[in-house]
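Coordinate analysis (summary)
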Amino acid sequence: MCDHIKLVLRVQFTRAERSSSLCYIQRLATQAYQFVRRDGLEWLECTALSRLPWLIHGFSTRTDHKAGSRPRGFSLGHGASTNSRRIDRNRHRFYRALGAQAFLPASLRQIHSATVWHVVRNPKVSGLAYTPCGSALADTFLEIEPQGDAVITDEPGILLVVRVADCMPILLVDTRRRAAAAVHAGWRGALARIIEKSVGEMERTFGSKPADLTAAIGPSIRSCCYEVGPEVADAFSGAFRNAHKFFQRDAPDETDGNSSMSASLLWLSKSPPGHSPEPKTYLDLAAVAFDQLNRAGVKGSRIHLADFCTASRTDHFFSYRKEGDRAGRMMAVIGIRA
Ligand SMILES: [Zn+2]
């Protein structure tokens, strides 16, 4: 680990110790997630969801013992040569390993939006029907992959799928009414409140009560590695009153023992021109997710965060930040058994 990352981590944990608003970091130490291996593949399961016998779920990793040294994941970035048949095979292997081979996969063309789709089986075409949530259009759309970033269902046999390689995958489960959601949230989607909106659409569509929801936040890029430009901080400040809780700042040249304290104060006071360089700004997407889930009424004790930064742990995960366009994509999936 480079010194820079060590420094930022130290800032993060020092701040966490001081601030109860970041208490989720303390939960990282608990065994909320476990790695599962089958058929040469390895994925993460959230222990709270694994306990539900009527549910299938998983967060894939890059570990693929049958792919040799260069696993390609479940889809590729635009800069890589796409071998769609191989990708398709990989996806079906993952579904099979999970025991979801008979499920109909429901995925989206992800566009970093706040668009949520309700998915049901469509017996007319032996496939799926997608309906846009919160839309005046009551029409049912039969597209295979409409544009959007969250899918919800309460029908058994449908596997909700989102693809990620640094962005945050979030799985939501209504344990009382047996409904589920899969959400893809990068900074743009989080800024557009996709997480809060997904909870709201489960309430409207299935009558879910937020207090009955369990949320599993999968591996994503974390604040140790997620440097963002000032426009991102400005955008969040414009949209959230407590936006300062989502960011950490790090002065590049400070390596002494007092740097963590001064880093936390840098949010409030920018260096005047001609003085020391501007501190770097890091976005804590998990803090944004916690905030939106809490705001929507999900209990803190039912929010489970996977203790992994994709950019720090490219031994386990793909990272767009670290590997660029050639990074494979991982999947987060969830479905209700028949
Ligand atoms: Zn990291």
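Everything quoted here is computed from the prediction, not taken from an experiment.

1. Details of helix α6 (residues 194–206)
- Its 13 residues give α6 an end-to-end C-alpha distance of 18 Å, which sits within 8% of 18 Å, the value for a rise of 1.5 Å per residue.
- Taken together, the buried positions of α6 are Ile194, Ile195, Ser198, Val199, Gly200, Glu201, Met202 and Phe206.

2. Regarding the pairing of strand β7 (residues 150–153)
- The side-chain alternation of β7 yields two buried faces, one formed by Ala150 and Ile152 and the other by Val151 and Thr153.
- Bridge analysis of strand β5 (residues 116–122) against β7 gives three bridges, and the strand direction is parallel. Residue Trp117 lies in a different strand from β7, and its bridge partner there is Val151.
- As judged from the four bridges shared by β7 and strand β10 (residues 179–185), these two strands associate in the antiparallel manner. Across the sheet, the residue bridging to Val151 is Ala182, located in β10.

3. Things to note about the pattern of salt bridges
- All chains considered together, the criterion is met by 10 salt bridges.
- We note a salt bridge from Asp291 to Arg295, for which the minimum N-O separation is 2.7 Å. You can see Asp291 and its partner Arg295 sitting in helix α9 (residues 285–296), four residues apart, about one turn around the helix.
- Since its relative accessible area comes to 17%, Asp291 is described here as buried.
- A single salt-bridge network, built from bridges that share partners, covers Arg193, Glu196, Asp291 and Arg295.

4. A look at the coordination of the zinc ion
- The coordination sphere of the zinc ion contains the protein donors Cys224 (SG), Cys225 (SG), Cys309 (SG) and Ser312 (OG), at a distance range of 2.1 to 2.3 Å.
- All donors of the zinc ion come from a single chain, and their spacing in sequence reads C-C-x83-C-x2-S. Highlighted residues: Cys225 in the loop between β11 (213–217) and β12 (227–228) and Ser312 in the loop between β15 (303–305) and α10 (320–323), separated in sequence by 87 residues.
- Residue class for Ser312 comes out partly exposed when judged on its relative accessible area of 35%.

5. Here's the deal with the pairing of strand β16 (residues 330–336)
- With respect to burial, β16 is a largely interior element, seven of its seven residues being buried.
- Burial of β16 is two-sided: the residues Met330, Ala332, Ile334 and Ile336 facing one way and the residues Met331, Val333 and Gly335 facing the other way are all buried.
- Across five bridges, the pairing between strand β3 (residues 55–64) and β16 is antiparallel. Each residue of the ladder has a partner; that of Leu55, found in β16, is Ile336.
- Here strand β8 (residues 158–164) runs beside β16; their pairing, made up of six bridges, is antiparallel. Paired with Val162 across the bridge in β16 is Ala332.

6. Things to note about the packing of aromatic side chains
- On inspection of all chains with the given rule, the structure shows nine aromatic pairs.
- Judged by centre distance (5.9 Å) and plane angle (75°), the rings of Trp43 and Phe94 are edge-to-face. Residue Trp43 is found in strand β2 (residues 41–46), and its partner Phe94 is found in helix α4 (residues 84–98); the two are separated by 51 residues along the sequence.
- Note on Trp43: relative accessible area 0%, which makes it buried.
- An aromatic cluster of at least three residues, connected via ring pairs, comprises Phe236, Phe240, Phe246 and Phe247.

7. Here we look at unusual backbone geometry
- For Asp39, which is not glycine, the phi dihedral falls at a positive 55°.
- Relative to the helices and strands, Asp39 resides in the loop between β1 (33–38) and β2.
- Given a relative accessible area of 29%, Asp39 falls into the partly exposed group.
- Phi is positive for His112, close to 60°, though the residue is something other than glycine.
- Considering the arrangement of structural elements, one finds His112 in the loop between β4 (104–106) and β5.

8. Brief notes about the sheet that holds strand β6 (residues 127–132)
- The strand order across the open sheet built from seven strands is β6-β5-β7-β10-β9-β11-β15, with neighbouring strands paired in mixed fashion. Pairing within the sheet leaves two strands with one partner each, and these edge strands are β6 and β15. On average, each strand axis in the sheet is inclined to that of its neighbour by 20°, with strand direction left out of account.
- Here α6 sits on the sheet and contacts β5, β7, β9 (168–174), β10 and β11; the angle it forms with β10, its principal contact strand, is near 160°.

9. Some thoughts on empty space enclosed by the protein
- In this structure the tally under the stated criterion is two cavities of 30 Å³ or more.
- Considered as a void within the structure, the second largest cavity measures approximately 40 Å³ in volume.
- Elements supplying a minimum of two residues to the lining of the second largest cavity: β3 and β16.
- Of the residues forming the lining of the second largest cavity, the biggest block, three residues, is contributed by β16.
- Of the residues contributing to the lining of the second largest cavity, the split by class is eight nonpolar, one polar and no charged.

Thresholds applied
- Residues numbered from 1 in each chain as written.
- Predicted model: local features only at pLDDT ≥ 70, side-chain atom pairs only at ≥ 80, totals over all residues.
- Heavy atoms only, no water.
- Helix = DSSP H or I, 4+ residues; strand = E, 2+ residues; numbered from the N terminus.
- Expected span 1.5 Å × (residues − 1).
- Buried < 20%, exposed > 50% of the residue type's maximum accessible area, 1.4 Å probe, protein only.
- Pairing = 2+ DSSP bridges.
- Salt bridge = Lys/Arg side-chain N within 4 Å of Asp/Glu carboxyl O.
- Donors = N, O, S within 2.8 Å, 3.2 Å for Na, K, Ca; no water.
- Phe/Tyr/Trp six-rings, centres within 6.5 Å; stacked < 30°, edge-to-face > 60°.
- Axes fitted to C-alpha atoms, helices over the stretch in contact; angles between N-to-C directions.
- Contact = heavy atoms within 4.5 Å.
- 1 Å grid on protein atoms, 1.4 Å probe; cavity = no way out; pocket = protein on both sides within 12 Å on 5 of 7 lines; lining within 4 Å.
- Points joined across faces, edges and corners; volume = space filled by probe spheres on them.
- Nonpolar A, V, L, I, M, F, W, Y, C, P; charged D, E, K, R; others polar.

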